[in-house]
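# Overview (structure and organization)
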Amino acid sequence: MFIGAHVSTAGGLDKGVIRGKKIGADCIQIFVSSPRMWNVPTLSEEKIELYNIEMDKSELGPTLVHGKYLIALGSPDATLRGKSSVALHKEFTIANQIGALGLVFHPASHRGQGFESIRDQFSNIVKEILEDVDGDSLLLLETSAGSGDHIGSNFEEIANLLNDINNPRVGVCMDTQHVWAAGYDISSPRGLDSTFNTFNKTIGLNLLKAVHLNDSKKEINSRVDRHENIGDGFIGSNGLGNFLNRKEINGIPMYLEVPGIEGNGPDKENIKRVRKILE
Ligand SMILES: [Zn+2]
Ligand SMILES: [Zn+2]
């Protein structure tokens, strides 16, 4: 089982690997460009080499790239869709260059257009990118908490998008805080039975490729995206323990995206808490 974490890559991707090792992570999730700015700098051969050297030394598991928060394939604004498509294309290219497991991105909002009306524009952009970018990395849709008009807070919407895209290089990243906020009970054995049943019937468990492992600052069905440190939130240690012991997630890499005890993001303590739960 890979218990990983989102880490900063300030100073270079290789520094992200070192930071991951330092907090005891088994794998890392990174941004390959600033998540709140459109620019995606190209990665030089030298920088990729430095990352590869550090990765080889580290024995870390699969790296996941997190796409920009700005990406909005469901937007009615053509300019914004265009920028999103370019950014996603560039970031996915980098994910493939560094041999990442995949690039995970938020389906984002349909801005009141309704889910059905954005299906084509969404899947067409993803199809074009997959056709254009070579490599083994996957494009993963992240489950959303479901605030406002956000797409992907129910498994049916994700399943529909993946069906439309119809490509073996796509999959899903399940965020425990988001599915909880969207109303899926992942804390009790019965709730987990029902959640994974629904997931399997709609999306298919074979398409679950990564997990964002987070506790929640808010109650179930809050529709609010607020991560909490492991054990300190409404899902809690027992709930996360029930989740972590499911056979459905066995072998699927997990990445912590918690605020951190000191407020600096995933840390040693949060990873320790997960390992304790697993004992
Ligand atoms: Zn995310
Ligand atoms: Zn979140």
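Provided above is the structure to which this section pertains.
An account of the accompanying structure is given in this report.

How each quantity is defined
- Residues numbered from 1 in each chain as written.
- Chains lettered and ligands numbered in written order.
- Predicted model: local features only at pLDDT ≥ 70, side-chain atom pairs only at ≥ 80, totals over all residues.
- Heavy atoms only, no water.
- Helix = DSSP H or I, 4+ residues; strand = E, 2+ residues; numbered from the N terminus.
- Rg over C-alpha atoms; globule rule 2.2 N^0.38 Å.
- Buried < 20%, exposed > 50% of the residue type's maximum accessible area, 1.4 Å probe, protein only.
- Areas by Shrake-Rupley, 256 points an atom, 1.4 Å probe, with all protein chains shown as cover.
- Donors = N, O, S within 2.8 Å, 3.2 Å for Na, K, Ca; no water.
- Tetrahedral: all angles 85-135°; square planar, octahedral: opposite > 155°, others 65-115°.
- Axes fitted to C-alpha atoms, helices over the stretch in contact; angles between N-to-C directions.
- Parallel < 35°, antiparallel > 145°, perpendicular 65-115°, else oblique.
- Left-handed = near helix turned anticlockwise from the far one by under 90°.
- Contact = heavy atoms within 4.5 Å.
- Nonpolar A, V, L, I, M, F, W, Y, C, P; charged D, E, K, R; others polar.
- Pairing = 2+ DSSP bridges.

Let us now look at the overall build of the protein. Broken down by element type, the protein carries nine helices and ten strands. Rg of the C-alpha trace for the protein: 18 Å, near the compact-globule value of 19 Å for 279 residues, within the 12% margin. Across its three principal axes, the protein shows a C-alpha extent of roughly 45 × 45 × 30 Å. Counting all 279 residues of the protein, 55% fall into the buried class. By element, 46% of the accessible surface of the protein is carried by carbon and sulfur atoms, the whole surface being about 12,200 Å².

The next thing to look at is the coordination of the zinc ion (ligand 1). Within the first shell, the zinc ion (ligand 1) binds the protein through H66 (NE2), H106 (NE2), E142 (OE) and E142 (OE), at distances of 2.1 to 2.8 Å. One way to put it: the four donor atoms around the zinc ion (ligand 1) meet at angles of 51 to 146 degrees, and that makes the site irregular. Along the chain, the residues donating to the zinc ion (ligand 1) fall in the pattern H-x39-H-x35-E. Between the zinc ion (ligand 1) and the zinc ion (ligand 2) the interatomic distance amounts to 5.4 Å. Separated by 76 residues along the polypeptide, H66 in strand β3 (residues 64–66) and E142 in strand β5 (residues 138–142) bring together distant segments of the chain.

Four donors placed tetrahedrally about a metal ideally form angles of 109.5 degrees, and six donors placed octahedrally ideally form angles of 90 or 180 degrees. Taken together, the protein ligands of the zinc ion (ligand 2) are H178 (NE2), D225 (OD), D225 (OD) and H227 (NE2), with distances of 2.0 to 2.8 Å. In this structure, the zinc ion (ligand 2) is coordinated by four donor atoms arranged in irregular fashion, with angles at the metal of 50 to 142 degrees. Site description for the zinc ion (ligand 2): donor spacing in sequence, H-x46-D-x1-H.

A separate point is the packing of helix α4 (residues 115–132) against helix α5 (residues 155–165). Helix packing geometry: the angle between the two helix axes and the distance between the axes. Relative orientation of the contacting elements α4 and α5 amounts to 45 degrees, with a least axis distance of 9 Å. Classified by the interaxial angle, the pair formed by α4 and α5 is oblique. The handedness of the crossing between α4 and α5 comes out as right-handed. In this structure, α4 uses F115, R119, F122, S123, V126, K127 and L130 to contact α5, whose residues at the interface are E157, N160, L161, D164 and I165. Of the residues that constitute the contact of α4 with α5, the class distribution is six nonpolar, two polar and four charged.

The next subject is the sheet that holds strand β10 (residues 254–256). Spatially, eight strands are ordered β1-β2-β3-β4-β5-β6-β7-β10 in a closed barrel, and the strand pairing comes out parallel. Looking at each pair of strands side by side, their axes are set apart by 30 degrees on average, direction ignored. Relative to strand β4 (residues 102–105), helix α3 (residues 78–97) is tilted by about 145 degrees, and along the sheet it contacts β3, β4 and β5. Running over the sheet, α5 touches β5 and β6 (170–175) and is turned about 160 degrees from β6.

No statement about biological role is implied by the geometric values presented.
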